[in-house]
Amino acid sequence: MTKTKTKAAPAALPLNTILDGDCIERMNALPENSVDLIFADPPYNLQLKGELHRPDNSKVDAVDNDWDQFDSFKAYDRFTRDWLAAARRLLKPNGAIWLIGSYHNVFRMGAELQNQGFWILNDVVWRKSNPMPNFRGKRLTNAHETLIWASKQEASKYTFNYEALKSLNEGVQMRSDWVLPICTGHERIKKKNGDKAHPTQKPHSLLHRVLVATTNPGDVVLDPFFGTGTTGAVAKMLGREFIGIEREAEYRAVAEKRIAAVRKFDKDALQVTQSKRAEPRVPFGQLVERGMLRPGEVLTSPRGQVAKVRADGTLVAHDVKGSIHQVGAAIEGAPSCNGWTYWHYKNEGQKMPIDVLRQQIRAEMKNI
């Protein structure tokens, strides 16, 4: 008797978990095409030589940890190549990645991103509003870090909540230079002796902006260099799932305690402003079919031009016939026109844009 081979079920993702060990090995053990977004803050390979002191001779708590030490640029490039390959394997076809680094490593990472087929969407300058000064006075103060945002491939339909970012920026299009403070005061996590729990803890504000901009509630966000868990804390708060990888037990303990204290926002609070393009399409003819506007009814433009509604949902104005957009453009002598905001109807003596009627139908569609 022939036995039928059954296909093994895909391994479940360890959601909302901090995994210990090497990030490359851990990523390679996870199911491929399973993650929506990766935020990576890898070692910068600062190549610090000796201690750094302030003018008063006090020692600066700089990044001199073992995890930031590499024997050569060649060794660092090999590490970058391997972890990026593991990360790309994990991303869904429409997934994306954010990298952050300093001048020591960001250019090397950018080149490797392109070598592996990622498609760079933006580089973002995080300008620190309160940077650490240059104590030796031999170079410019390092007042920024660079982020690279890239999709898995050129054809990826990546998430970008454009309108939400405009709302965060007082209605103005978000630019690629972000002025945000580094971690200080209550946000900086410290050990019992007062030392920093992690030398390069990223601010809550930075991750908030990244996750609101490029993920949606329920998305899976992976951070392969988890540190003290800023990515996980913000992801949990914003209703995203997270997976962290961190080899240092001390950092994992801090991150676990920190994330356990985070409260997720309620469902209504997680909603963000959507692009109008994402709203359901409502043909103008549907307003006529439903009797919200009747054939023969007169619509007016902001400058007083008139057009009549026809039974098939088109307009006629003098010798011009066509859609609400075509007739509006012809009257204005313009290449295009948004007929929804251009044409107005009368409601109890008041002129109202016909878009009001479209929004009524959209509201009904959302409640179905």
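Residues numbered from 1 in each chain as written. Predicted model: local features only at pLDDT ≥ 70, side-chain atom pairs only at ≥ 80, totals over all residues. Heavy atoms only, no water.

For the chain, an unreviewed UniProt entry supplies the name Methyltransferase and the organism Nereida ignava. Note on the chain: under the UniProt heading Sequence similarities (unreviewed entry), the record states "Belongs to the N(4)/N(6)-methyltransferase family." The annotation that UniProt attaches to the chain under Catalytic activity (unreviewed entry) is "a 2'-deoxyadenosine in DNA + S-adenosyl-L-methionine = an N(6)-methyl-2'-deoxyadenosine in DNA + S-adenosyl-L-homocysteine + H(+)". (UniProt positions renumbered as here; feature names shortened; annotations may be inferred.)

Draft legend 1. Spatial organisation of the overall build of the chain. Across its full length, the chain holds twelve helices and 14 strands. For the chain, the residues scored as buried account for 42% of the 368 residues in total. Pairs at least 24 apart in sequence give 67% of the contacts found in the chain among residues at least 6 apart. Of the roughly 20,900 Å² of accessible surface on the chain, a fraction of 49% belongs to carbon and sulfur atoms. (Helix = DSSP H or I, 4+ residues; strand = E, 2+ residues; numbered from the N terminus. Buried < 20%, exposed > 50% of the residue type's maximum accessible area, 1.4 Å probe, protein only. Contact = heavy atoms within 4.5 Å. Areas by Shrake-Rupley, 256 points an atom, 1.4 Å probe, with all protein chains shown as cover.)

Draft legend 2. Up close: unusual backbone geometry. Although it is not a glycine, Asn16 adopts a positive phi angle of roughly 55°. The topology assignment puts Asn16 in the segment before strand S1 (17–19). Residue Asn16 is classed as partly exposed on the basis of its relative accessible area of 41%. The backbone of Glu348 shows a phi angle near 55°, a positive value even though the residue is not glycine. The topology assignment puts Glu348 in the loop between strand S13 (344–347) and strand S14 (350–353). Classification of Glu348 by relative accessible area gives exposed; the value is 78%.

Draft legend 3. Spatial organisation of the pattern of salt bridges. One pass over the structure, following the stated rule, counts twelve salt bridges. Where Asp36 meets Lys92, a salt bridge forms, and the shortest distance between an N and an O atom there is 3.1 Å. Taken together, the positions of Asp36 in strand S2 (residues 35–40) and Lys92 in strand S3 (residues 91–101) put the pair 56 residues apart, joining distant regions of the chain. For Lys92, a relative accessible area of 29% corresponds to the partly exposed category. (Salt bridge = Lys/Arg side-chain N within 4 Å of Asp/Glu carboxyl O.)

Draft legend 4. Highlighting the packing of helix H6 (residues 230–237) against helix H7 (residues 249–260). Packing of H6 against H7 brings their axes to within 9 Å, and their N-to-C directions diverge by 15°. In terms of orientation, H6 lies roughly parallel with respect to H7. For H6 against H7, the interelement crossing comes out right-handed. In this structure, H6 contributes Thr230, Gly232, Ala233 and Lys236 to the contact, and H7 contributes Arg258, Ile259 and Ala260. (Axes fitted to C-alpha atoms, helices over the stretch in contact; angles between N-to-C directions. Parallel < 35°, antiparallel > 145°, perpendicular 65-115°, else oblique. Left-handed = near helix turned anticlockwise from the far one by under 90°.)

Draft legend 5. Here's a closer look at the environment of Ile182. Take Ile182: it is sitting in the loop between strand S6 (177–180) and helix H5 (204–214). When the C-alpha positions of Ile182 and Pro203 are compared, they lie 5.9 Å apart, and in sequence the two are 21 residues distant. Non-local contacts of Ile182, meaning those with residues more than four positions away in its chain, are made with Trp126, Lys128 and Asn130.

Draft legend 6. Region of interest: the sheet that holds strand S5 (residues 144–151). Spatially, eight strands are ordered S1-S8-S7-S2-S3-S5-S4-S6 in an open sheet, and the strand pairing comes out mixed. Of all the strands in the sheet, the pair left with one neighbour each is S1 and S6. Neighbour-to-neighbour, the strand axes of the sheet open up by a mean angle of 20°, direction not taken into account. Along the sheet face, helix H3 (residues 106–115) touches S3, strand S4 (119–128) and S5 and points at about 165° away from the line of S3. (Pairing = 2+ DSSP bridges.)

Draft legend 7. Local environment of the nonpolar core. Counting 35 residues, the largest nonpolar core has Trp98, Leu147, Trp178, Leu206, Val210 and Leu211 as its most contacted members. Counting residues per element, this core draws most heavily on H5, at six residues. Apart from the residues within four sequence positions on either side, Leu147 is in contact with Phe39, Trp98, Leu99, Ile100, Asn122, Asp123, Val124, Trp126, Leu206 and Val210. Listed in part, the 29 residues of the second largest apolar core include Ala87, Leu99, Phe118 and Val220. (Core = buried A, V, L, I, M, F, W, Y, C linked by side-chain atoms within 4.5 Å.)

Draft legend 8. Molecular detail of the confidence of the model for the chain. Confidence in the prediction of the chain, expressed as mean pLDDT, is 88, and 89% of residues score 70 or more. Under a pLDDT of 50 for its full length, residues 49–56 has, in the predicted model, 16 contacts with residues more than four places off or in other chains. (pLDDT = per-residue confidence, 0-100.)

Draft legend 9. Up close: helix H2 (residues 73–90). Taking 1.5 Å of rise per residue, the 18 residues of H2 would be expected to cover 26 Å, and the 26 Å separating its terminal C-alpha atoms lies within 8% of that figure. Buried residues of H2: Ala75, Tyr76, Phe79, Thr80, Trp83, Leu84, Ala86, Ala87 and Leu90, and no others. Projected onto a plane normal to the axis of H2, the buried residues spread over an arc of 160° and lie on a single side. Elements that come into contact with the buried residues of H2 comprise helix H1 (23–28), S2, S3, H3 and strand S7 (220–223). (Expected span 1.5 Å × (residues − 1). Arc of directions from axis to C-beta.)

Draft legend 10. Quick look at the packing of aromatic side chains. Enumeration over the complete set of coordinates arrives at eleven aromatic pairs. Judged by centre distance (5.4 Å) and plane angle (85°), the rings of Trp149 and Tyr158 are edge-to-face. Members of the aromatic cluster, each reached through a chain of ring pairs, are Trp98, Trp149, Tyr158, Phe160, Tyr162 and Trp178. A cation sits over an aromatic face here: Lys128 above Trp126, 5.2 Å from the ring centre. In this structure, Arg209 is placed above the aromatic ring of Trp178, and the distance from its NZ or CZ to the ring centre is 5.0 Å. (Phe/Tyr/Trp six-rings, centres within 6.5 Å; stacked < 30°, edge-to-face > 60°. Lys NZ or Arg CZ within 6 Å of the ring centre and 35° of its normal.)

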